[in-house]
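Below, each chain spelled out in residue letters.
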Amino acid sequence: MTAAEPTAAGPPAGALRRMLIPLALAQFICSFAGSNMNVMINDISADLNTTVQGVQIAITIFLLVMAALMIPGGKLTDRYGRKRCFLAGLILYGIGALLSAVSPRLGVLILGNSILEGVGTALLIPPVYILTTLLFTGVAARAKAFGLISAMGGVGAAAGPLIGGLITSALSWRWAFVFQALVVAVIVVLGRKVFDPLPADPTRRFDTRGAVLSAAGLVLIVAGILAADDNAWLMLALIAAGALLLYLFFRWVRTQERTGREPLLSTALFRNRTSNLGLATQNAQWLILMGTSFTVAAYLQVVRGYDAIQTGVIFTAATVGLLITSLAAERLAKRRPQRTLILAGFLVTAVGVVVLLALVAGTPGVWAFAPGLLLIGLGLGLMLTPSVNVVQSSFGDDQQGEISGLSRSVSNLGSSLGTAIAGTILVAGITATPQRAYGLAMAVLVVVALAGLWAASKLPRATAGGPPRAI
């Protein structure tokens with residue numbers, strides 16, 4: 001079957017294409033939520049009587065909740081059905097957005113945005129990727145579908161500052177959350193027609209202990225990174241505790257498998273070399289995207305003194321780059337191997353960060369940001385879709401719930417690490433001037449891009465849709 005052909009078990013081609021609209025919009029709004037607050041840092045901190053660091057913590061908690069709960073969220077789709085989880089996540093997300101819009105203080109904003117929207121995202125995003133994988137087969141068809149979803153996700157992250165800036169400048173930062181709630185309402189209406197090709201299995205066991213161990217481990221590790229600017233010993237203690245919990249999680253998983261019980265996450269997922277490398281590239285890509293968004297947005301507002309709309313307009317270059325390469329995913333997949341596209345993406349992204357640093361340091365003009373951000377957008381858009389395609393295509397239909405949850409968890413962990421690492425460098429005071437701190441944060445992202453380039457170079461030359469490759 002291809003995306004252009006109807007099947008006996010599924011909807012016709014036209015219906016398939018229409019179903020992509022709510023799925024892509026869902027990825028857009030979740031990515032938008034992760035970056036739009038970057039341009040509202042000053043407005044939110046002043047309105048809620050908090051600090052820039054307080055807003056950074058709210059942003060990071062949102063990303064972290066997503067990362068910690070994506071694996072359990074993916075697993076719940078098997079038990080309750082992908083469509084039901086998708087709609088439930090959207091409703092919870094919408095409630096969180098409305099609560100954020102009326103929040104009187106930082107704690108309520110964290111509850112609405114960081115917790116409720118984060119949990120809602122963890123429920124609704126795995127079904128997006130599972131349904132796309134199940135409904136579209138073949139490298140080109142999946143590349144086109146994932147290309148649209150990745151494009152909307154990338155545009156949501158890159159255009160978040162622009163859209164958020166426009167709304168904040170014209171109305172208030174609170175209306176940015178009203179905008180999210182309205183978009184979610186539209187997705188709920190459109191999502192009612194989404195077709196789930198696999199029946200739900202209410203008898204499927206859910207590994208609660210595994211979910212708690214994995215989530216707590218991820219939370220402690222990122223919390224440790226956030227604590228780096230306050231207390232080095234606390235940072236080490238939190239990271240060590242997180243690592244211990246993740247170790248206990250994998251021991252628990254192996255125990256469950258030996259006794260014949262279904263764990264939260266099968267160890268077989270980690271015996272696939274192609275998938276492991278693809279997951280590494282996904283983590284690096286989102287770390288770079290969110291790290292760049294946070295660092296540049298903070299620099300523009302704190303150092304250059306730009307307002308929200310000016311900051312957002314500057315990010316348009318990255319948005320344009322992402323759109324150009326993401327929407328060309330199907331055509332590129334037909335002409336070049338997935339591995340080649342990922343390699344080229346990391347290379348272009350690394351060059352973009354270097355260009356950004358060089359031009360911004362050498363001139364005070366706004367135009368200096370455009371070439372670097374454009375290259376970063378082009379590079380990220382070039383590789384976001386191939387990385388997803390490589391990972392999802394490495395497993396059969398019966399493991400899509402697990403791999404989708406793991407894939408989204410790894411990507412969102414990269415997002416939270418990007419914000420946490422960049423924020424830690426900016427407030428740690430390890431450089432002589434604030435300007436150098438921003439430069440150091442961007443330099444770290446170059447190192448991450450080179451690490452991603454190395455992981456991509458280890459991918460098999462034929463990575464598209466073939467049988468899983470065991471280590």
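1. Some remarks on the overall build of the chain
Part 1 of the reasoning: Secondary structure summary: the chain contains 17 helices and zero strands in total.
Part 2 of the reasoning: Sorting the 471 residues of the chain into buried and exposed places 58% on the buried side.
Part 3 of the reasoning: When contacts within the chain are restricted to residue pairs at least 6 apart in sequence, long-range pairs at least 24 apart make up 82% of them.
Part 4 of the reasoning: By element, 67% of the accessible surface of the chain is carried by carbon and sulfur atoms, the whole surface being about 17,600 Å².

2. Quick notes on the confidence of the model for the chain
Part 1 of the reasoning: A residue-level look at the chain finds 84% of positions with pLDDT of 70 or above and a mean pLDDT of 78.
Part 2 of the reasoning: Predicted confidence for residues 1-9 stays below pLDDT 50, and this span has 16 contacts to residues more than four positions away or in other chains.
Part 3 of the reasoning: The low-confidence segment residues 464-471 (pLDDT under 50) makes 18 contacts with residues lying over four places distant or belonging to another chain.

3. Regarding unusual backbone geometry
Glycine aside, negative phi is the norm for most residues, and most peptide bonds take the trans geometry.
Part 1 of the reasoning: One non-glycine residue, Asn 49, lies in the positive phi region at around 55°.
Part 2 of the reasoning: On the secondary structure map, Asn 49 appears in the loop between α2 (41-47) and α3 (52-80).
Part 3 of the reasoning: On the basis of relative accessibility, which here comes to 73%, the residue Asn 49 falls in the exposed class.

4. Concerning the environment of Ala 420
Part 1 of the reasoning: Within the fold, Ala 420 resides in helix α16 (residues 400-428).
Part 2 of the reasoning: Residue Ala 420 is classed as buried on the basis of its relative accessible area, which comes to 0%.
Part 3 of the reasoning: Between the alpha carbons of Ala 420 and Ile 57 there is a distance of 8.3 Å; along the sequence they are 363 residues apart.

5. With respect to the packing of helix α4 (residues 82-101) against helix α5 (residues 106-135)
Part 1 of the reasoning: At their nearest, the axes of α4 and α5 sit 7 Å apart, and the two run at 155° to each other. By the angle class used here, α4 and α5 are roughly antiparallel. In the packing of α4 onto α5, the handedness of the crossing is left-handed.
Part 2 of the reasoning: A class-by-class count of the residues in the contact of α4 with α5 yields 20 nonpolar, seven polar and two charged.

6. Quick look at helix α15 (residues 369-392)
Part 1 of the reasoning: The end-to-end C-alpha distance of α15, which contains 24 residues, comes to 35 Å, matching closely the 34 Å that a straight helix rising 1.5 Å per residue would cover.
Part 2 of the reasoning: For α15, the tally of buried residues reaches 19 of 24 residues, placing the bulk of the element in the interior.

7. What about the nonpolar core?
Part 1 of the reasoning: Of all hydrophobic cores here, the largest spans 105 residues; its most connected members are Ile 29, Met 37, Phe 86 and Phe 369.
Part 2 of the reasoning: Counting residues per element, this core draws most heavily on helix α10 (residues 273-302), at 13 residues.
Part 3 of the reasoning: Residues within four places of Ile 29 in sequence aside, it is in contact with Tyr 93, Phe 179, Gln 180, Val 183, Val 184 and Ile 187.
Part 4 of the reasoning: Of all hydrophobic cores here, the second largest spans 15 residues; its members include Ala 211, Leu 264, Ile 403 and Val 410.

8. Focus: a positive patch on the surface
Part 1 of the reasoning: There is a patch of like positive charges on the surface, built from Arg 17, Arg 18, Lys 144 and Lys 193.
Part 2 of the reasoning: Note on placement: Arg 17 falls in helix α1 (residues 13-35).

9. Brief notes about the packing of aromatic side chains
Part 1 of the reasoning: Using the criterion set out here, one finds four aromatic pairs in the structure.
Part 2 of the reasoning: On the basis of an interplanar angle of 25° and a centroid distance of 6.1 Å, the ring pair of Phe 28 and Phe 32 is categorised as stacked. Taken together, the residues span about one helical turn, with Phe 28 and Phe 32 both in helix α1 at a distance of four residues.
Part 3 of the reasoning: Phe 32 gets classed as buried once you look at its relative accessible area, which sits at 0%.
Part 4 of the reasoning: Ring plane angle 85° and centroid distance 6.1 Å describe the contact between Trp 173 and Phe 177, whose orientation is recorded as edge-to-face. The same class applies to Trp 173 and to Phe 177, which are both buried.
Part 5 of the reasoning: Grouped by ring-pair contacts, the aromatic residues Phe 28, Phe 32 and Phe 179 constitute a single cluster.
Part 6 of the reasoning: It is Arg 209 that lies over the ring of Trp 252; its NZ or CZ is 4.2 Å from the centre.

10. Some points on the side chain of Glu 117
Part 1 of the reasoning: Secondary-structure assignment places Glu 117 in helix α5.
Part 2 of the reasoning: For Glu 117, which is buried and forms no salt bridge, the nearest opposite charge comes from Arg 174, at a distance of 12 Å.
Part 3 of the reasoning: There is a polar contact of 3.2 Å between the side chain of Glu 117 and the side chain of Tyr 93.
Part 4 of the reasoning: Not counting the four nearest positions on each side in its chain, Glu 117 is found in contact with Ala 33, Phe 62, Tyr 93, Gly 96, Ala 97, Ser 100, Gly 112, Phe 177 and Gln 180.

11. Here we look at the pattern of salt bridges
Part 1 of the reasoning: Under the counting rule described, the total for this entry stands at one salt bridge.
Part 2 of the reasoning: Between Arg 174 and Asp 47 there is a salt bridge, with the nearest N and O atoms lying 3.3 Å from each other. You can see Arg 174 sitting in helix α7 (residues 174-191) and its partner Asp 47 sitting in helix α2, a full 127 residues away along the chain.
Part 3 of the reasoning: Judged by relative accessible area, which is 40%, Asp 47 ranks as partly exposed.

Procedures and definitions
- Residues numbered from 1 in each chain as written.
- Predicted model: local features only at pLDDT ≥ 70, side-chain atom pairs only at ≥ 80, totals over all residues.
- Heavy atoms only, no water.
- Helix = DSSP H or I, 4+ residues; strand = E, 2+ residues; numbered from the N terminus.
- Buried < 20%, exposed > 50% of the residue type's maximum accessible area, 1.4 Å probe, protein only.
- Contact = heavy atoms within 4.5 Å.
- Areas by Shrake-Rupley, 256 points an atom, 1.4 Å probe, with all protein chains shown as cover.
- pLDDT = per-residue confidence, 0-100.
- Axes fitted to C-alpha atoms, helices over the stretch in contact; angles between N-to-C directions.
- Parallel < 35°, antiparallel > 145°, perpendicular 65-115°, else oblique.
- Left-handed = near helix turned anticlockwise from the far one by under 90°.
- Nonpolar A, V, L, I, M, F, W, Y, C, P; charged D, E, K, R; others polar.
- Expected span 1.5 Å × (residues − 1).
- Core = buried A, V, L, I, M, F, W, Y, C linked by side-chain atoms within 4.5 Å.
- Patch = residues over 30% accessible without salt bridge, like charges linked within 9 Å, V, L, I, M, F, W, Y side chains within 5 Å.
- Salt bridge = Lys/Arg side-chain N within 4 Å of Asp/Glu carboxyl O.
- Lys, Arg positive; Asp, Glu negative; His and termini not counted.
- Charge placed at Lys NZ, Arg CZ, Asp CG, Glu CD.
- Phe/Tyr/Trp six-rings, centres within 6.5 Å; stacked < 30°, edge-to-face > 60°.
- Lys NZ or Arg CZ within 6 Å of the ring centre and 35° of its normal.
- Polar contact = N/O pair within 3.5 Å; in protein donor to acceptor, adjacent residues only side chain to side chain.

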